[in-house]
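Report on the structure
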Amino acid sequence: MACEIAGVLGAKTRKDGYLEGNGYQVSWTFGHLCSLKEPHDYTPAWKRWQLQSLPMIPSRFGIKLLSNKTYEKQFRILEKLIRGAEAVINCGDAGQEGELIQRWVLQKAGCRCPVYRLWISSLTEESIREGFRNLKEAVEFNLLYEAGLSRTIGDWLLGMNATRLYTLRYGQNRQVLSIGRVQTPTLALIVNRQREIEQFKPEPYWELKTVYRQTTFSAVQGKFSKKEEGETLLQQVTDKEFTITGITTGKGRETPPRLFDLTSLQVECNRKFAFSAEETLKWIQALYEKKLTTYPRVDTTFLSDDMYPRIPQILKGLTACAQLTAPLLAGKIPKRKRVFDNSKVTDHHAIIPTGMSARILSDREQKVYDLISRRFIAVFYPDCEILTTTVLGEVENVGFKVTGKQILKPGWRVVFEKETKEAAESADRTGNDPSEESTVLPVFVRGEHGPHQPDLVEKQTVPPKPYTEATLLRAMETAGKLVDDEELRDALKENGIGRPSTRAAIIETLFKRNYIRREKKRLYATPTGVELIGVIRDELLKSAELTGVWEKKLRQIEKGTYKASIFLDELKQLVGRIVQEVCADTSPRNIAVEEAPMRPSGERKKTNLAGKQKKKTGKTIRKSSARPAQSPAAATPPVCPHCGGVILRGRTAYGCAGYKNGCLFRLSHETYGKNLTDSELCRIIKEISHG
């Protein structure tokens, strides 16, 4: 980024740690050079982990330089340049974290000269030149900095205190139990969903359907909870003629999907390509640095009005999609409120292509770039026009109906024609039902009648699905509420957990700490994750909705409608109360942390209380096999919480011996582990039975 800016400014002479020329010196950081001080930096008494030291609340927070020779060398270069400068231009990423990183460097370097801010959304030469023509005063971003600082201090207060508190009170074998303002509610979402699935009891229901002229109609009564009710109607309609009683048709429109924000891009990449949130962020960051897309860490799906004149030029640059852009460029580009809305754009607009020529891209970069480009093209296409037909039928006063949808004019759907065709072919191969939009009904005439084939179909209620990264990201964005409606999602974003730029890292943190694991696309909590959420009694620590309120306050600090001092005072009071409540808990409960499987990227590190890290090599030993054998006298046999039956150890799950009598209680090996001891099973069953 520094090289791109230096090239535009004419600073072409390379020096040690910076570029110089044309009156400018352009230097850089390596992400964070500074951080908040650690507990022992405030007082030696806080170096040792002990309950009597909690809560740790510094009278004034300070920052320090990270201990790294490369970082220290670069900081000294920056410090010298800043102290000799007439003015400093902060060119950090145009967001909360970028502001915090550079402000800390300026503070630590003792900057006394005027400071200006470069605020751009892409790294094209045109964007950089325009940004320098419109430099802003640094004070205009003071509230952004306050919000970022409040977030970081809040995370320090809760993370440092709660992690030590729960580790000392409930941890075993000097293993750290990590608690975080965002990570713990996210873990709770996964654990709670897992409990819903484990506790779910399938219930049978019946649906009455009939086939008339190769079209399946469903009874308007819907589901029957008792088979006898359905059988009564089945007998009533058997061997009687089916009559068409009504036909209604209506034309409708489907608007194009909105432009991408970071979360929706991560969701789509996980759904289509099984990319993790972290991987998607990596590829979109690479595209941004290659000047092919705009700033990625955004939470809006709109463009500002001043972007409208640039749209034709961007479309012209998408040469790989020339067939799709040609119809748009042949006329006037429509300016729709669903795309352009200044009231929905704050620091940055939605993620779009810049129109720069795409150089050689990796396969994954190409996939992400193609998604963004096609979504950008699609928003300027006409709506998709559809015809919806509902046909009503009747047999002996029993009503039936069927609904079909037909695409009259595809509109924006032509942009995604290839993937729509692939999805249809996939449905054919797997035997899945085709999508509703492709269901075209034959022509029916009111009053026509004839034979039909009725049937009573037995089905079962199904449990909720485990989270994938896509659905978890949506749940984080909307404070635990899974919604498909775009407008409702926008309204809930105000209370979402975390920020678009941090959600991927939070999910990865849960993996690294072995609180969750991934099976194909599905996410499951490990026994450690389940136990950790079970032992946390303060709902605020693990509630997605309540934690979302904190995020809302941080956004209000950024807007100047809430004071940072009040937010931090509230957090200090919360931390004090949590410490008091946990210390008062006398229950003999401990959590043993299970070793995570070795990751392909390298060796996993095990952290002890002193913060030292030791490399582990060779085969990973799981908790269950490393523990001393349990004596039969000490073990309490696990029993079923539903019927009191004995728990059996099956090939794929632990299950109740009363399954022959209809008891469906089971704990899968996939979710809870294969080699649990009796005491572990008892503890998990107790947690499940108490919700």
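Residues numbered from 1 in each chain as written. Predicted model: local features only at pLDDT ≥ 70, side-chain atom pairs only at ≥ 80, totals over all residues. Heavy atoms only, no water.

In terms of nonpolar packing, the biggest core is built from 90 residues, with Ile82, Tyr166, Leu187, Leu472, Leu532, Ile578 and Leu667 touching the most fellow members. By residue number, the principal contributor to this core is helix α6 (residues 142–170), which donates 10 residues. Among residues more than four places away in sequence, those in contact with Leu472 are Thr186, Leu189, Ile190, Tyr467, Ile507 and Leu523. Among the nonpolar cores identified, the runner-up in size contains 60 residues, and Leu9, Ile311, Leu315 and Leu324 belong to it. (Core = buried A, V, L, I, M, F, W, Y, C linked by side-chain atoms within 4.5 Å. Buried < 20%, exposed > 50% of the residue type's maximum accessible area, 1.4 Å probe, protein only. Helix = DSSP H or I, 4+ residues; strand = E, 2+ residues; numbered from the N terminus. Contact = heavy atoms within 4.5 Å.)

Attention now goes to the sheet that holds strand β15 (residues 453–460). A sheet is described by the order of its strands in space; here seven strands give the open sequence β14-β11-β12-β13-β10-β9-β15, paired in antiparallel fashion. Each edge of the sheet is formed by a strand with only one pairing partner; in this case those strands are β14 (449–450) and β15. Looking at chain direction, strand β11 (residues 242–254) and strand β12 (residues 384–395) are connected through 11 bridges and run antiparallel. Bridging from a neighbouring strand, Lys251 pairs with Leu387 of β12. Contacting β9 (204–212), β10 (215–224), β12, β13 (398–409) and β15, helix α8 (residues 227–237) runs over the sheet at an angle of about 170 degrees to β15. (Pairing = 2+ DSSP bridges. Axes fitted to C-alpha atoms, helices over the stretch in contact; angles between N-to-C directions.)

Sheet analysis places strand β16 (residues 516–519) next to strand β17 (residues 522–525), joined by four bridges and oriented antiparallel. Its bridge partner lying in β17, Glu519 is registered against Arg522. A loop of two residues connects β16 with β17, the two strands running antiparallel in sequence, and Lys520 in this loop sits at a positive phi of about 55 degrees.

Moving on: the packing of aromatic side chains. According to the stated counting rule, one finds 20 aromatic pairs in the structure shown. On the basis of an interplanar angle of 10 degrees and a centroid distance of 5.7 Å, the ring pair of Phe30 and Tyr71 is categorised as stacked. In this pair, Phe30 sits in the loop between β3 (24–27) and β4 (34–36) while Tyr71 sits in helix α3 (residues 69–83), placing the two residues 41 residues apart along the sequence. These aromatic residues form a ring-pair network of at least three members: Tyr212, Phe217, Phe242, Phe400 and Phe444. Lying over the aromatic face of Phe141, Arg117 brings its terminal NZ or CZ to 5.9 Å of the ring centre. The lysine or arginine in question, Arg375, covers the ring of Phe260, its NZ or CZ lying 3.9 Å from the ring centre. (Phe/Tyr/Trp six-rings, centres within 6.5 Å; stacked < 30°, edge-to-face > 60°. Lys NZ or Arg CZ within 6 Å of the ring centre and 35° of its normal.)

Within this structure, the stated rule accounts for four cavities of 30 Å³ or more. By volume, the largest cavity is sized at about 50 Å³. If you trace the largest cavity, you find it lined by Pro256, Pro257, Arg258, Leu259, Arg336, Arg338, Val339 and Val379. (1 Å grid on protein atoms, 1.4 Å probe; cavity = no way out; pocket = protein on both sides within 12 Å on 5 of 7 lines; lining within 4 Å. Points joined across faces, edges and corners; volume = space filled by probe spheres on them.)

What follows is about the sheet that holds strand β7 (residues 115–117). If you walk across this open sheet you meet the three strands as β6-β7-β8, and the pairing is mixed. Looking at the sheet topology across the chains shown, the edges are occupied by β6 (88–90) and β8 (136–137). For β6 and β7, the ladder comprises three bridges, and the chain directions are parallel. Of the residues in β7, the one forming a bridge with Ile89 is Tyr116.

This part is about the pairing of β3. Relative to β3, strand β2 (residues 18–21) runs antiparallel, the two being bridged by four bridges. Pairing of Gly21 across the sheet is with Tyr24, part of β3. Hairpin remark: β2 followed by β3, antiparallel, with two residues in the connecting loop; positive phi at Asn22, about 60 degrees.

Turning to the packing of α3 against helix α4 (residues 96–108), a few remarks are in order. It is the contact of α3 with α4, at a shortest axis distance of 9 Å, that shows an interaxial angle of 70 degrees. When the axis of α3 is compared with that of α4, the two are roughly perpendicular. Here α3 and α4 pass one another in a crossing that is right-handed. Taken together, the residues of α4 that come into contact with α3 (itself represented by Phe75, Leu78, Glu79 and Ile82) are Val105, Leu106 and Lys108. For the contact of α3 with α4, the per-class residue count stands at five nonpolar, no polar and two charged. (Parallel < 35°, antiparallel > 145°, perpendicular 65-115°, else oblique. Left-handed = near helix turned anticlockwise from the far one by under 90°. Nonpolar A, V, L, I, M, F, W, Y, C, P; charged D, E, K, R; others polar.)

At their nearest, the axes of α4 and α6 sit 9 Å apart, and the two run at 90 degrees to each other. Comparing the axis directions of α4 and α6 gives the class roughly perpendicular. Side by side, α4 and α6 meet where Gln96, Glu99, Leu100, Arg103, Trp104 and Gln107 of the first sit next to Asn142, Leu144, Tyr145, Ala147, Gly148, Leu149, Arg151 and Thr152 of the second. Split into classes, the residues belonging to the contact of α4 with α6 amount to six nonpolar, five polar and three charged.

Glancing now at helix α9 (residues 262–273). Given a rise of 1.5 Å per residue, 12 residues ought to cover 16 Å, and the 16 Å separating the end C-alpha atoms of α9 matches this to within 8%. By the criterion of burial, α9 is predominantly enclosed, with nine of the 12 residues buried. Taken residue by residue, α9 has Leu262, Thr263, Ser264, Leu265, Gln266, Val267, Glu268, Cys269 and Asn270 as its buried positions. Looking at the buried residues of α9, the elements they touch are α10 (277–289), α13 (363–378), α15 (469–477) and α17 (500–512). Ala274 sits one or two positions beyond α9 and adopts a positive phi of about 65 degrees. (Expected span 1.5 Å × (residues − 1).)

This next bit is on helix α21 (residues 564–583). In this model α21 runs 29 Å from its N-terminal to its C-terminal C-alpha over 20 residues, within 8% of the 28 Å that 1.5 Å per residue would give. Here α21 has its buried residues at Ala564, Phe567, Leu568, Leu571, Leu574, Val575, Ile578, Val579 and Val582. On an axial view of α21, the arc spanned by its buried residues comes to 135 degrees, and they lie on one face. In this structure, α21 carries Gln573 and Gln580 as exposed residues pointing more than 90 degrees from its buried face. Considering only its buried residues, α21 is in contact with α6, α19 (539–542) and α20 (544–559). (Arc of directions from axis to C-beta.)

The step from Leu54 to Pro55 runs through a cis peptide bond, and the omega angle for that step is 0 degrees. If you trace the backbone, Pro55 turns up in the loop between α2 (39–42) and β5 (63–65). Located in the positive-phi region is Asn22, a residue other than glycine, with phi close to 60 degrees. Note that Asn22 resides in the loop between β2 and β3. Phi at Asp239 takes a positive value of approximately 65 degrees, unusual for a residue other than glycine. Summarising the element assignment, Asp239 is placed in the loop between α8 and β11.

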